[in-house]
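# Descriptive structure summary
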Amino acid sequence: MDRASVGIMAFLAVSAAAATAAYAQKDAAQEGIEAYREALQDGNPAELYEASGEELWKTPGGPKAASLERCDLGLGPGVVRGAYALLPRYFADTDRVQDLESRLLTCMQTLQGKDPKPYVEASFTAPPKEEMNALAAYISGQSRDAPIAATPRHPKEQAMYELGKRMFNYQGGPYDFSCATCHGQEGTRIRLQDLPYIPGAKGAAAGWGSWPAYRVSSGQMWSMQWRLNDCFRQQRFPEPVYTSDATIALSMYMAVNASGATMKTPGIKR
């Protein structure tokens, strides 16, 4: 064997050893991350928000002094169990596709006589949004372990899904980002946070099926509306209007892609 061949073989051996070490480091890091996440699941503070949301659901309020217990989330007035797993969906009374928060605003307006504007315009840490986040925690918890079944049958549901798909892939803003920049490829991660591949069933389930969630880093309960708002902020896009069709379309895209998976709500995040 000539000297050049020996050199090539030595280079390949060193490269293989380096790759093996890198994979071992990656596996060790992944194991550590998984152990951290498993530890987080023990005693999820979201339970406190669920209890608060249940109280809000059952307590009379607004000018009509009525509770939300007759709110129709898609399975009939007052039926909460399993309803979140079917959202977003088309509602004939509003003639639009609605997610949980937009549907709650409809019920608050029609049943309780409340003006939805303060809820839409409030910051996510202000009392009106805290009410919405607690309600989202309670209602989503009633679909825990239920199969996700956001099937677009109505033409407006199908149109909303297609809009969500286009929005997911739309690039813009000062960084020329899109949702797909972070969530359009397999196996990516930022620090300790996996970035689920949303076009795929498994990734969509990981993204959609665990929100709303308690954020350990901020000590706050985040609804999907808040999660989407923060994604827009990180992309340096104008922040979307709360419960706008833009946010509902993205939710529809994720929910449909995740159909068949199991709801794990409310979740817990780093």
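The rules behind these values
- Residues numbered from 1 in each chain as written.
- Predicted model: local features only at pLDDT ≥ 70, side-chain atom pairs only at ≥ 80, totals over all residues.
- Heavy atoms only, no water.
- Phe/Tyr/Trp six-rings, centres within 6.5 Å; stacked < 30°, edge-to-face > 60°.
- Helix = DSSP H or I, 4+ residues; strand = E, 2+ residues; numbered from the N terminus.
- Buried < 20%, exposed > 50% of the residue type's maximum accessible area, 1.4 Å probe, protein only.
- Lys NZ or Arg CZ within 6 Å of the ring centre and 35° of its normal.
- Expected span 1.5 Å × (residues − 1).
- Arc of directions from axis to C-beta.
- Polar contact = N/O pair within 3.5 Å; in protein donor to acceptor, adjacent residues only side chain to side chain.
- Salt bridge = Lys/Arg side-chain N within 4 Å of Asp/Glu carboxyl O.
- Contact = heavy atoms within 4.5 Å.
- UniProt positions renumbered as here; feature names shortened; annotations may be inferred.
- Disulfide = S-S within 2.5 Å.

Another point: the packing of aromatic side chains. Per the counting criterion, the structure on display carries eleven aromatic pairs. Between Tyr-49 and Tyr-214 the ring centres are 6.1 Å apart and the planes differ by 45°, which places this aromatic pair in the tilted class. Of the two residues, Tyr-49 is situated in helix α2 (residues 46-58) and Tyr-214 in strand β5 (residues 213-215); the sequence distance between them amounts to 165 residues. We classify Tyr-214 as buried; its relative accessible area is 13%. An angle of 10° between the planes, with centres 6.1 Å apart, marks the rings of Tyr-84 and Trp-208 as stacked. With Tyr-84 in the loop between α2 and β1 (89-91) and Trp-208 in helix α8 (residues 201-208), the pair connects residues that are 124 residues apart, well separated along the chain. Under the relative-accessibility criterion, Tyr-84 is labelled buried at 3%. With relative accessibility at 2%, the residue Trp-208 sits in the buried group. Of note, Lys-129 hangs over the ring of Tyr-242, and the distance from its end group to the ring centre comes to 4.2 Å.

This part covers α2. Between its first and last C-alpha, α2 extends 19 Å over 13 residues, near the 18 Å set by a 1.5 Å rise per residue. Residues of α2 that are buried include every one of Ala-46, Glu-50, Gly-53 and Trp-57, and no others. One face of α2 carries all of its buried residues, which in axial projection span an arc of 65°. Residues of α2 that are exposed and angled more than 90 degrees away from the buried face: Leu-48 and Glu-55.

Before going further, it helps to examine the side chain of Ser-102. Locating Ser-102 in the fold gives a position in helix α3 (residues 100-112). Reaching out from Ser-102, the side chain makes a polar contact with the side chain of Asp-99 at a distance of 2.7 Å.

Counted under the stated rule, the structure contains nine salt bridges. Between Lys-117 and Glu-121 there is a salt bridge; the shortest N-O distance is 3.9 Å. Here Glu-121 and Lys-117 lie together in helix α4 (residues 117-121), a separation of four residues that amounts to about one turn. When its relative accessible area of 47% is taken as the criterion, Lys-117 is described as partly exposed. Where Asp-230 meets Arg-227, a salt bridge forms, and the shortest distance between an N and an O atom there is 3.1 Å. Here Arg-227 and Asp-230 lie together in helix α9 (residues 224-234), a separation of three residues that amounts to about one turn.

Let us now look at helix α5 (residues 127-141). Counted at 1.5 Å a residue, the expected span for α5 with its 15 residues is 21 Å, and the 21 Å between its end C-alpha atoms agrees. Counted residue by residue, α5 has eleven buried out of 15 residues, so it is predominantly covered. Taken together, the buried positions of α5 are Lys-129, Met-132, Asn-133, Ala-134, Leu-135, Ala-136, Ala-137, Tyr-138, Ile-139, Ser-140 and Gly-141. Structurally, α5 contributes buried residues whose contacts are with α2, α3, α4, β6 (220-222) and α9.

With that settled, the discussion passes to the UniProt feature "binding site: heme c 2" (unreviewed entry) in the protein chain. Listed under "binding site: heme c 2" (unreviewed entry) in the UniProt record, and renumbered for this structure, are Cys-179, Cys-182, His-183 and Cys-231. Despite a sequence span of 53 residues, these residues sit close together in the fold, their greatest C-alpha distance being 11.0 Å. With respect to the helices, strands and loops of the structure, Cys-182 is situated in helix α7 (residues 179-183). Those residues in contact with Cys-182, other than ones at most four positions away along the chain, are Thr-188 and Leu-195. Along the chain, His-183 turns up in helix α7. With residues near it in sequence (within four places) discarded, His-183 still touches Phe-168, Leu-195, Pro-196, Tyr-197, Ile-198 and Pro-199.

Here we take up the state of the cysteines. All told, the structure shown has one disulfide when counted by the stated rule. What pairs with Cys-71 in a disulfide is Cys-107, and their sulfur atoms sit 2.1 Å apart. Across the S-S bond of Cys-71 and Cys-107 the torsion is about 75°, and the bridge reads as right-handed. Of this pair, Cys-71 sits in the loop between α2 and β1 while Cys-107 sits in helix α3, placing them 36 residues apart in sequence. Unpaired in terms of disulfides, Cys-182 finds its nearest cysteine sulfur in Cys-231, a separation of 7.8 Å.

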